[in-house]
Amino acid sequence: MGSGRGIAVAAFGCAILTHHDARAQEAHLQGVFTGSIGITDNANSTAEPQDGAPGPEADGFGTASPGLIFTYATPRIAQTLSYTFSTSFFFRHFEASSYSNTAMWSGSFVTSPRTSLSLGVSGTQSQLNTFQLEQTPGTTTLQGTGGGTTLFVQGSFNEGFSFRASPVWSLGQSATFSVYSPLQDRPPRTYSAGNTLTAQRTFRHDTASLALSVGYTHFDNVRVTGTDPTTETYTTRDQLVSTLVASWQHDLGRRFSSQLDVGGTIATDLMGDAGSLARPAGLAALRYTHDRGEAELAYTYSASPNVFLQQIQLSHSLSLRAAAPVRPAWHLSVEGSAGAQLSQPLQPNAEGELDTGPTTIGVLTDVALLWSPVTVIPDFALALRYQHTNQRERSDTQTVRNALLLSVSGGFPRRAVPGSRISMTQPFGSAGPAGAPRQQAAPSEPQEDEAPPSAGAGDAAR
């Protein structure tokens, strides 16, 4: 944990040293905190008992997550530097406790009247179990895990560049690189790199785009199952996933919008003679955006790496996320996520051909009732939260966990504009979550000698 404290000191020191000089340029330092206490019926995320094996055990737990966020903005540059320490600790099963140190930097730069650049770097050092309590209920992700506790380091870099060729046409490029490395003997490391090219055409109430993505993933020290149980056999995997998708976004009035992505994915095994596998790819989403609340219902079928299981998985995912006021006069609101995922890993079959492996089914429900004494969805809230997860592997292994907790969260000083409480489904070819509906007037060509509108930082993320 010494490295985590070092990151914290560096982030805090940088924020303090630059705060005074940057004040005229809209610098802002905010401290944030989330803490909770609760109970669960499955502290170690143990599978349901079979053949007399010990089953799940209940326990009480607490969580704490303090952090610092420093933002600096000028008319052409916006930067954010943050550090967060998160921990969850159990009263009786202390071996299931976890913690993480995360430092992040992101920057958006208007490089010319027609171009913009975005950069981001993050690093995490963590001892993590399968609990998903570091995220808020409206942003919790559904992803298969191997169970148990893992000590690891993780780092990532992302870059995006956009060029607005005209008021209605724009081109984008984005790249990502990440590494995940458990701290153990024969670490099952994962390296991922990807690049995406996009072209986008804007209409009065619609946006059409085409995205081509190519992603390479290398898995180190993959344990081979089905071999002699007295010996441990390991291998490596190199897989390439290429996806081409056409997207259509449409505004359905002032508050509703829809998105439909249709395309295909080709997965290639670069090791041996396993060859390639072609599958469709798609996304369908209905979104609602309001000053006091937002919601999204989305379905996706896509291929993505799972670093915990060392697999590229083809997944059907259905999710509902929402944050909305219940009784504004009482300062009550609700937020949460509900979803189901059916995933299959890409792996060579008995004939040595690339195929899909056993199916894993995951279900998640994460909902909270919040009381916010200042505004409906502010920086400070008390919440009563319930989370249910259910993961079934093959037909004989099932892990079920329920958790109930009371939490408090806040930030000081309070932000002028509250941020989003939910995370929208990430569109194909995007480096970040989908934004709000455009709701803009019809585009028009610029007058003679008139400069076109500046490209926004999010253009490359479309």
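Computed from a prediction, not measured in an experiment: that's the story for all the values here. (Residues numbered from 1 in each chain as written. Predicted model: local features only at pLDDT ≥ 70, side-chain atom pairs only at ≥ 80, totals over all residues. Heavy atoms only, no water.)

Peer 1: I'd love a proper account of the pattern of salt bridges, names of residues and values included.
Peer 2: Counted according to the given criterion, the structure contains three salt bridges. Of the charged contacts in the structure, one is a salt bridge between Arg-92 and Asp-59, with a shortest N-O distance of 4.0 Å. Placement of the pair is Arg-92 in the loop between strand S3 (77-90) and strand S4 (98-110) and Asp-59 in strand S2 (residues 59-73), with a sequence separation of 33 residues. Take Arg-92: its relative accessible area is 56%, and that puts it in the exposed class. Here Arg-287 and Glu-296 are joined by a salt bridge, their closest N and O atoms 2.8 Å apart. What makes Arg-287 buried here is its relative accessible area of 3%. Residue Glu-296 is classed as buried on the basis of its relative accessible area of 1%. (Salt bridge = Lys/Arg side-chain N within 4 Å of Asp/Glu carboxyl O. Helix = DSSP H or I, 4+ residues; strand = E, 2+ residues; numbered from the N terminus. Buried < 20%, exposed > 50% of the residue type's maximum accessible area, 1.4 Å probe, protein only.)

Peer 1: Hey, could you go over the environment of Phe-61 for me, with residue numbers and the actual values?
Peer 2: With respect to the element layout, Phe-61 can be found in strand S2. Overall, Phe-61 belongs to the buried group, its relative accessible area being 0%. As a C-alpha pair, Phe-61 and Ser-97 span 36 residues in sequence and 8.7 Å in three-dimensional space.

Peer 1: So what about the packing of aromatic side chains? Which residues, and what values?
Peer 2: In this structure the tally under the stated criterion is five aromatic pairs. Between Phe-152 and Tyr-180 the ring centres are 5.0 Å apart and the planes differ by 45°, which places this aromatic pair in the tilted class. Linking Phe-152 in strand S6 (residues 150-164) with Tyr-180 in strand S7 (residues 169-182), this pair joins segments that are 28 residues apart in sequence. Across this residue pair, the class does not change: Phe-152 and Tyr-180 are buried. Between Arg-327 and the ring centre of Trp-330, over which it is positioned, the NZ or CZ distance is 4.1 Å. (Phe/Tyr/Trp six-rings, centres within 6.5 Å; stacked < 30°, edge-to-face > 60°. Lys NZ or Arg CZ within 6 Å of the ring centre and 35° of its normal.)

Peer 1: Just give me the short version of the confidence of the model for the protein, but keep the residues and values in it.
Peer 2: Across the protein, the average pLDDT comes to 82, with 81% of residues at 70 or higher. With pLDDT under 50 throughout, residues 1-24 is counted as low confidence; its partners more than four residues away or in other chains account for 22 contacts. Ignoring residues within four places in sequence, the model shows residues 431-462, a span with pLDDT below 50, making 72 contacts including any to other chains. (pLDDT = per-residue confidence, 0-100. Contact = heavy atoms within 4.5 Å.)

Peer 1: Before we move on, can you summarise the pairing of strand S9 (residues 206-223) with the specific residues and values?
Peer 2: By the bridge criterion, 13 bridges tie strand S8 (residues 190-202) to S9 in an arrangement that is antiparallel. Note that in S9 the partner of Ala-199 across the bridge is Leu-210. Between S8 and the antiparallel strand that follows it, S9, lie three residues. Sheet topology places S9 next to strand S10 (residues 234-252); 16 bridges connect them, and they run antiparallel. Across the sheet, Phe-219 pairs through a bridge with Arg-237, a residue of S10. (Pairing = 2+ DSSP bridges.)

Peer 1: So what's going on with the side chain of Gln-239? Which residues, and what values?
Peer 2: Considering the arrangement of structural elements, one finds Gln-239 in strand S10. At 3.3 Å, the side chain of Gln-239 and the backbone oxygen of Leu-346 are in polar contact. Apart from residues no more than four positions distant in its own chain, Gln-239 is found in contact with Gly-215, Tyr-216, Thr-217, Phe-219, Thr-268, Asp-269, Ile-312, Leu-346 and Leu-354. (Polar contact = N/O pair within 3.5 Å; in protein donor to acceptor, adjacent residues only side chain to side chain.)

Peer 1: Can you lay out the nonpolar core for me, pointing to particular residues and giving the numbers?
Peer 2: Phe-219, Val-222, Val-241, Ala-267, Leu-277, Tyr-301, Ile-312, Leu-314, Leu-346 and Leu-354 form the largest nonpolar core, which has ten residues in total. Among the elements of the structure, S9 and strand S14 (311-327) are those that each provide at least two residues to this core. For Tyr-301, the residues in contact, after removing those within four places along its chain, are Arg-279, Pro-280, Ala-281, Gly-282, Leu-314, Ser-315, His-316 and Phe-428. Core analysis: the second largest hydrophobic core is formed by seven residues, Ala-43, Phe-61, Ala-96 and Ala-403 among them. (Core = buried A, V, L, I, M, F, W, Y, C linked by side-chain atoms within 4.5 Å.)

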